[in-house]
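What follows is each chain in one-letter form.
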Amino acid sequence: MKCPRCGSTLRPSMDECPRCGLPLISTDKAQMDQPLPVRTLIVRTLIVLLGILITAALFTFAGVRVYYWRDAKRLERDYVNHTIELITMDNGVQGHAISFFGKDGDSVYIEELGKSYQYIGGVARVEFADYIWFDSDPEDIESAELTISPVHISAAGRKTRLPAFTINVPVPEAPVTITSPTTDHVNVITSLATINMNVVYGSQVIINGEDVTSKVDRSGALSLNVNVYPIGDNNISIIVRTDHHKEARRDLVFFRDEMEINLELATSVGYTSTLNYMTIVGKTDPGAWIDVDSNYDPASLVIDQQTGEFSFKAKFSSYGDNIVSFRATMEGKRTSTISFYVNYLPAKAEYSRNAWAMDYKQLRVIYEQWRGRVFLCNGKIVDVYYEGEKQFAVMDVGKEEQQLIILENQSDIGSFNVGGKYSVYADVAGRLFYKDGYNPYLIGRYATETTDD
């Protein structure tokens, strides 16, 4: 290679002529400095853009996958929490309730039930009767292991499967509720006793071997009288069979004293009275005599020696429970006796008619002489306590200084509330100890909440 200016011989690697200093450009470099053709530029640009788009798409795809993965994990974390509880359905059958917690507007779908449940107030409550999982006659099955598969559905319609879980559901017993009598063992003084109960309509009911299903009304209620004999314990067996349930059995005992002389009350005789007397009607063996041991009108006693039917007028001397006691006697036989209580409470108008205004100082001193006297008690409840099922309310009836009385709540108001102000008609029953001393004790019969000071 020679220099164009001075003709000196040059090496290919030289950038300028060493003699004249002329800058030299190699053919390759010159070619490189030439502008690229337009088509080549377009192709290269497209390749670069395609690479950028592919890279962006990959990053976007990865980001979306990460977002949905994290969202699914969040859903699992936020919606996997649930509670399970045993419930009694409105128709009396046993069931379960599952409460899912989430966002209002979303819903949860339960595949096994084929139903969706919306979140309301942050809770989606799923309820089902236990019997739906069992065949018509599940007597040989103890329980079922259920798998619940919830699917979360957002307000926008996106579905996310939540973790499944299991519930052990025992075979439910045929629903039966006995409303009367209220206990399994009852003392009675009549030859008939009434059983009131509720079952699922369509259930088979057998009492002491007799099928009484036809006597169940369409609401599932059954009322039945059973004979009670004077032999001591009268055992009553109740069997209820309902489809998809195991058999239910209830046993009752009606106790009636063994009697050599038959003596019984008529079923029409009640145990409450708004009058200060009640006509007692019953029956004994023909030829027996009736002696009344409690307060009564001697002139009212009537005995039919042929039929054994009798009646007399019992008199009540105090509010609340009054005992009625009488016996049948016959030569050569052991006496038969009946005793029971009648609760005497006049109507409010009569009860309150002769009520005294509160005389606290005298009441503290002569409470025994005033036992049964009715007072109008106005004041504020400062405390409430219970003895068994009885509620006692401490009322301050003082105007300038504290004056406490104890009220046993037998009123129509239901329950006294601390801090509430009441007007109560009550009768004196004695005194009770409260905190550091004795206070007048009255039984509140009628009460009204007030706003007066």
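Right, let's walk through the structure included here. (Residues numbered from 1 in each chain as written. Predicted model: local features only at pLDDT ≥ 70, side-chain atom pairs only at ≥ 80, totals over all residues. Heavy atoms only, no water.)

### Considering the sheet that holds strand β12 (residues 192-199)
Line of reasoning, step 1. Read from one edge to the other, the open sheet built from three strands follows the order β10-β12-β15, with strand pairing classed as antiparallel. Of all strands in the sheet, those bounded by a partner on one side alone are β10 (176-180) and β15 (221-227). Strand-to-strand twist across the sheet, computed as the mean angle between neighbouring axes with direction ignored, equals 30°.
Line of reasoning, step 2. Where β12 meets β15, seven bridges bridge the pair, whose relative direction is antiparallel. Within the sheet, the bridge partner assigned to T194 lies in β15 and is N225. (Pairing = 2+ DSSP bridges. Helix = DSSP H or I, 4+ residues; strand = E, 2+ residues; numbered from the N terminus. Axes fitted to C-alpha atoms, helices over the stretch in contact; angles between N-to-C directions.)

### Quick word on the sheet that holds strand β8 (residues 159-161)
Line of reasoning, step 1. The four strands lie next to each other as β4-β3-β7-β8, forming an open sheet whose pairing is antiparallel. The sheet is open, and its two edges are formed by β4 (115-118) and β8, each paired on a single side. Between one strand axis and the next, the sheet turns by 25° as a mean value, whatever way the strands run.
Line of reasoning, step 2. Sheet topology note: the strand β7 (residues 150-153)/β8 ladder contains three bridges and is antiparallel. Note that in β8 the partner of H152 across the bridge is T160.

### Structural notes on the packing of aromatic side chains
Line of reasoning, step 1. For the coordinates displayed, the defined rule picks out 18 aromatic pairs.
Line of reasoning, step 2. Seen from their ring centres, F392 and Y441 are 6.3 Å apart, and the 45° between their planes marks the pair as tilted. Separated by 49 residues along the polypeptide, F392 in strand β28 (residues 390-396) and Y441 in strand β31 (residues 437-450) bring together distant segments of the chain.
Line of reasoning, step 3. Note on F433 and Y438: the rings are 5.2 Å apart at their centroids and 80° apart in plane angle, and the pair reads as edge-to-face.
Line of reasoning, step 4. Among the aromatic residues, those joined into a cluster by ring pairs are F316, Y319, Y344, Y351 and Y446.
Line of reasoning, step 5. Sitting over the ring of Y277, K313 keeps its end group 4.8 Å from the ring centre. (Phe/Tyr/Trp six-rings, centres within 6.5 Å; stacked < 30°, edge-to-face > 60°. Lys NZ or Arg CZ within 6 Å of the ring centre and 35° of its normal.)

### Re the pattern of salt bridges
Line of reasoning, step 1. A complete count under the given rule lists 13 salt bridges for this structure.
Line of reasoning, step 2. The residue E85 makes a salt bridge to R125 at a minimum N-O spacing of 3.0 Å. A residue pair is termed long-range when its members are at least 10 positions apart, and E85 in strand β1 (residues 82-88) and R125 in strand β5 (residues 123-129) qualify at 40 residues.
Line of reasoning, step 3. In this structure, D251 engages R249 in a salt bridge whose closest nitrogen and oxygen atoms are separated by 3.2 Å.
Line of reasoning, step 4. Here the residues in one salt-bridge network are E85, R125 and E127, joined through shared partners. (Salt bridge = Lys/Arg side-chain N within 4 Å of Asp/Glu carboxyl O.)

### Observations regarding the side chain of H152
Line of reasoning, step 1. With respect to the element layout, H152 can be found in strand β7.
Line of reasoning, step 2. Residue class for H152 comes out buried when judged on its relative accessible area of 2%.
Line of reasoning, step 3. Among the polar contacts listed, one links the side chain of H152 to the side chain of D106, at a separation of 3.0 Å. (Buried < 20%, exposed > 50% of the residue type's maximum accessible area, 1.4 Å probe, protein only. Polar contact = N/O pair within 3.5 Å; in protein donor to acceptor, adjacent residues only side chain to side chain.)

### Things to note about the nonpolar core
Line of reasoning, step 1. C377, M395, I405, L407, F416, V424 and L442 are the most contacted members of the largest nonpolar core, which has 30 residues in total.
Line of reasoning, step 2. For this core, the secondary-structure elements that each account for two or more residues are α4 (360-365), β27 (374-387), β28, β29 (404-409), β30 (421-434) and β31.
Line of reasoning, step 3. Per-element accounting of this core gives the leading share, six residues, to β30.
Line of reasoning, step 4. Counting 24 residues, the second-largest nonpolar core is a separate cluster that includes L263, F312, A314 and F326. (Core = buried A, V, L, I, M, F, W, Y, C linked by side-chain atoms within 4.5 Å.)

### Brief notes about the pairing of strand β13 (residues 204-207)
Line of reasoning, step 1. Pairing between β13 and strand β16 (residues 232-241): four bridges, direction antiparallel. In the sheet register, I207 faces β16, and the bridge partner there is I238.
Line of reasoning, step 2. Alignment of β13 against strand β14 (residues 210-211), held across two bridges, turns out to be antiparallel. Bridge pairing in β14 links I207 to E210.

### Remarks on the environment of G414
Line of reasoning, step 1. Topologically, G414 is positioned in the loop between β29 and β30.
Line of reasoning, step 2. The spatial distance from the C-alpha of G414 to the C-alpha of L222 is 29 Å, given a sequence separation of 192 residues.

Worth remembering: the numbers are spatial, not functional.
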